[in-house]
Amino acid sequence: MLDVNTWPWWAVLGYVVIDLSVRVFAVIVVPRNRRPTAAMAWLLAIFFIPVLGILLFLLIGNPRLPRLRRRKQERINHYIAETASNLRLGTLRPDPPEWFPPLVTMSQSMGALPLSGDNSAHLISDYQTSLDTMAEAIRGAQDYVHVEFYILQSDSSTDNFFRAMEETAARGVPVRVLLDYWANRWKPKYRETIRRLERMGADWHLMLPVQPLRGRIQRPDLRNHRKLLVIDGTVGFLGSQNITDSSYNLPKNIRLGLHWVDLMVRVDGPVVASLNAVFLSDFYAETDSVPEGIDITRIETGRGDLDCQIVPSGPGFEVENNLRLFLGLLYAAQDRVMIVSPYFVPDEALLAAVTSAVDRGVQVELFVSEQGDQAMVYHAQRSYYEALLRAGVRIWMYPKPYILHTKSLTIDDQVAVIGSSNMDMRSFGLNMEVSMLVRGEEFVDEMRVVEDDYRALSRELTLEEWMQQPLRSTVLDNLARLTSALQ
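Residues numbered from 1 in each chain as written. Predicted model: local features only at pLDDT ≥ 70, side-chain atom pairs only at ≥ 80, totals over all residues. Heavy atoms only, no water.

Before going further, it helps to spend a moment on the overall build of the protein chain. Helix and strand counts for the protein chain stand at 19 helices and 20 strands. The buried share of the protein chain, taken over its 487 residues, is 57%. Pairs at least 24 residues apart make up 82% of the contacts formed inside the protein chain by residues separated by at least 6 positions. With the model as given, the accessible surface of the protein chain reaches about 21,100 Å², and the carbon-plus-sulfur share is 57%. (Helix = DSSP H or I, 4+ residues; strand = E, 2+ residues; numbered from the N terminus. Buried < 20%, exposed > 50% of the residue type's maximum accessible area, 1.4 Å probe, protein only. Contact = heavy atoms within 4.5 Å. Areas by Shrake-Rupley, 256 points an atom, 1.4 Å probe, with all protein chains shown as cover.)

The following block contains the structure:
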């Protein structure tokens, strides 16, 4: 500890001036365009541990993408809006709920794609079946294959997926691949995966790389968390699953026997063009180029009658698109709400939306994992259980050694959201995510079957049980909750 009593007067004065200047500067700079809880957390860190607090703020204090990337996103949004205004995006279902069209308009104004009709969407809840179904779709490609996943690993579980890409590329069909930099660069199977992509001739790129020597610098904990696949602009997949073994090939997971449980959805119809636009925007952001011969105005009628809207979100947008969509849906709910999220760390607005739904007489159920894979997020999530249980939310704990990784929200019996977005502050502010809003009872019925399966395997957490938690767990939960606000 510094003993200022031994310092000469001028050194003490200089220290006081610098310390006061830093605090005043922090009060001016930190709260700007930041939610109050995050601003307060940063100010406390800077005031009480100034050296570490300042270093952390300089490193991860800016939740936005670099200005150049944001400008690219603005150009992309403008192009999509202009293009979509001249397209016929299928026939929409009649008689939507009164609240539904304004919600769609809000999402589109924030950067989402247009609502389209005449779509088909079907769930795939088995992990290996999902990988193999995507592989077979890739084998049917005639024009191109667009692969974008947060984690992409060549292993025994994904070998069929990679062989499908290899066979398709060997026929001369372009295979374009995007994978997140930090999620893959130092993980198992990375070098093997890259060598395999190189050998097949895939046009692959890392997303959000931090490569200072190449002039690519941004906040290092930003992630492109999207999971999507598009074949020929006619068939698409999106959801929560990465292209990796269900253990993620991590020694710790293998030692504990952990396996991930996920949900993917296969789509066809006009919504595939919207999903393709998300891939192309990310491809353009990383390469400054757009592949030739891709026509996103080519609209194919699907085999179903669902209304679908693709909602991308992330630090490239001005607001938190996914959070506002979730809030709008929660406040619109009249009967029941089913939330499945492996990482449920709500901000004040989301917590109020969930608990006020219960106050209106809406049945609200939350599905989470009994065991966590990320200690800080796991404990931060647990810190909200008491408030949720007291409000009347039913919490279902999916059993060990499985991590329930599905991200979905169903409202009443007519609307659902599925995609890559968790309900936590990282997914709202730091991750690039993609979600799909779906209107149609037949799709919600499929979601209900999956939710019923999750419920049958889970146990319900009661308030009585929760209040018996040991003090050390409560302390850890509350500390993690405080750090979750640092954005």
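Turning our eyes to something else, we now look at the environment of proline 312. Considering the arrangement of structural elements, one finds proline 312 in strand E10 (residues 306-313). With relative accessibility at 6%, the residue proline 312 sits in the buried group. Sequence separation of proline 312 and leucine 113 is 199 residues, and the distance between their C-alpha atoms is 8.0 Å. Apart from the residues lying within four places of it in its own chain, the contact partners of proline 312 are Gly111, Ala112, Leu113, Arg226, Val278, Phe317, Asn321, Glu433 and Val434.

The next subject is the pattern of salt bridges. When their charged atoms lie close together, side chains carrying opposite charge are able to pair. On inspection of all chains with the given rule, the structure shows 22 salt bridges. Look at the salt bridges and you will find they share partners, linking Arg93, Asp305, Glu441 and Glu442 into a network. (Salt bridge = Lys/Arg side-chain N within 4 Å of Asp/Glu carboxyl O.)

With that settled, the discussion passes to helix H13 (residues 348-359). Between the first and last C-alpha of H13 there are 16 Å, a value that for 12 residues agrees with the 16 Å anticipated at 1.5 Å per step. Looking only at H13, the buried set comprises Leu350, Leu351, Ala353, Val354, Thr355, Ser356, Ala357 and Val358. (Expected span 1.5 Å × (residues − 1).)

What follows deals with a nonpolar patch on the surface. On the surface, Leu471, Val475, Leu479 and Leu482 cluster together into a nonpolar patch covering about 420 Å² of accessible area. Positionally, leucine 482 belongs in helix H19 (residues 471-483). Residue class for leucine 482 comes out exposed when judged on its relative accessible area of 59%. (Patch = residues over 30% accessible without salt bridge, like charges linked within 9 Å, V, L, I, M, F, W, Y side chains within 5 Å.)

Another aspect to go through is the packing of aromatic side chains. Scanning the model with the defined rule gives 11 aromatic pairs in all. An angle of 25° between the planes, with centres 4.5 Å apart, marks the rings of tyrosine 248 and tryptophan 260 as stacked. You can see tyrosine 248 sitting in the loop between strand E7 (235-239) and helix H10 (251-256) and its partner tryptophan 260 sitting in strand E8 (residues 259-261), a full 12 residues away along the chain. Tyrosine 248 sits in the buried class, given a relative accessible area of 10%. (Phe/Tyr/Trp six-rings, centres within 6.5 Å; stacked < 30°, edge-to-face > 60°.)

The next point concerns the nonpolar core. If you look at the biggest cluster of nonpolar residues, it comprises 48 residues, and the most contacted ones within it are Ile395 and Leu409. Not counting residues within four places of it along the chain, the set of residues in contact with isoleucine 395 comprises Leu366, Val368, Tyr385, Leu388, Leu389, Arg459, Glu460 and Leu461. Listed in part, the 45 residues of the second largest apolar core include Ile80, Leu306, Val340 and Val444. (Core = buried A, V, L, I, M, F, W, Y, C linked by side-chain atoms within 4.5 Å.)

This part is about the pairing of E10. Among the eight residues that make up E10, eight are buried, leaving the element largely enclosed by the rest of the structure. Both faces of E10 are covered, namely the face carrying Leu306, Cys308, Ile310 and Pro312 and the face carrying Asp307, Gln309, Val311 and Ser313. Here two bridges tie strand E1 (residues 116-124) to E10, and the two strands are oriented antiparallel to one another. What sits directly across from serine 116, in E10, is cysteine 308. (Pairing = 2+ DSSP bridges.)

Another aspect to go through is unusual backbone geometry. Look at the link from lysine 400 to proline 401: it is a cis peptide, with omega at -5°. Among the structural elements, proline 401 can be located in the loop between strand E14 (394-398) and strand E15 (402-404). Positioned with a positive phi, aspartate 412 is a non-glycine residue whose angle comes to about 55°. On the secondary structure map, aspartate 412 appears in the loop between strand E16 (408-411) and strand E17 (415-419). On the basis of relative accessible area, aspartate 412 is assigned to the buried category, the value being 6%.

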